[in-house]
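# Structure at a glance
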Amino acid sequence: MNVLENKSFYYVTNWDDASRYTQALEAAGIPHSVEDHTQGLPLKEGQLAIVFPDLPVKQFDFVHKLFGGVGDRYPQ
C-alpha cells in the first residue's frame, strides 16, 4: 500500500473488489493508496477508498474507465 502526499480524489469500493482494482492499477503503474473508515473519509465499516493524486490525462482516463465514472473529491 502506497502513501500519497497529494490526495485529489477517491472511489469507494468493498473489500472484494479492492483487490481487483489495485491489481489493475499496479499493472498500469498508476499511483494510488487504499484507506479504510478509520482514516478520516466518510466510509462505512467494510468499505475501502482507493485514493489518487492528480493524474495525467491518460492515467485519469484509465481510472475513469476502470471504475465506470468520476470519483469523489478528497476532502482538504
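Overview of the structure. Because the structure is predicted, anything quoted here is derived from the model rather than measured.

The rules behind the values
Residues numbered from 1 in each chain as written. Predicted model: local features only at pLDDT ≥ 70, side-chain atom pairs only at ≥ 80, totals over all residues. Heavy atoms only, no water. Phe/Tyr/Trp six-rings, centres within 6.5 Å; stacked < 30°, edge-to-face > 60°. Helix = DSSP H or I, 4+ residues; strand = E, 2+ residues; numbered from the N terminus. Buried < 20%, exposed > 50% of the residue type's maximum accessible area, 1.4 Å probe, protein only. Salt bridge = Lys/Arg side-chain N within 4 Å of Asp/Glu carboxyl O. Pairing = 2+ DSSP bridges.

### Looking at the packing of aromatic side chains
- Inspection of the entire model under this criterion finds eight aromatic pairs.
- Between F9 and F52, the ring centres sit 5.1 Å apart and the planes meet at 20°, which makes this aromatic pair stacked. Of the two residues, F9 sits in strand β1 (residues 9-14) while F52 sits in strand β3 (residues 47-52), which places them 43 residues apart along the sequence.
- Relative accessible area serves as the criterion here: at 9%, F9 is assigned to the buried category.
- Here F52 falls in the buried class, since its relative accessible area comes to 0%.

### Topic: the pattern of salt bridges
- Evaluation of the coordinates by the stated rule reveals two salt bridges.
- In this structure, the salt-bridge partner of K7 is E35, at a minimum N-O distance of 2.6 Å. Note that K7 is positioned in the segment before β1 and E35 in strand β2 (residues 33-35), a separation of 28 residues in sequence.
- Residue classification places K7 among the partly exposed positions, given a relative accessible area of 25%.
- When the shortest N-O distance is used, the salt bridge between K65 and D61 registers 3.2 Å. Highlighted residues: K65 and D61, both in helix α2 (residues 57-67), separated by four residues, approximately one helical turn.

### Focus: the pairing of β1
- Note: β1 against β3, six bridges, orientation antiparallel. Within the sheet, the bridge partner assigned to Y10 lies in β3 and is V51.
- Bridge analysis of β1 against strand β4 (residues 72-73) gives two bridges, and the strand direction is antiparallel. Pairing of Y10 across the sheet is with D72, part of β4.

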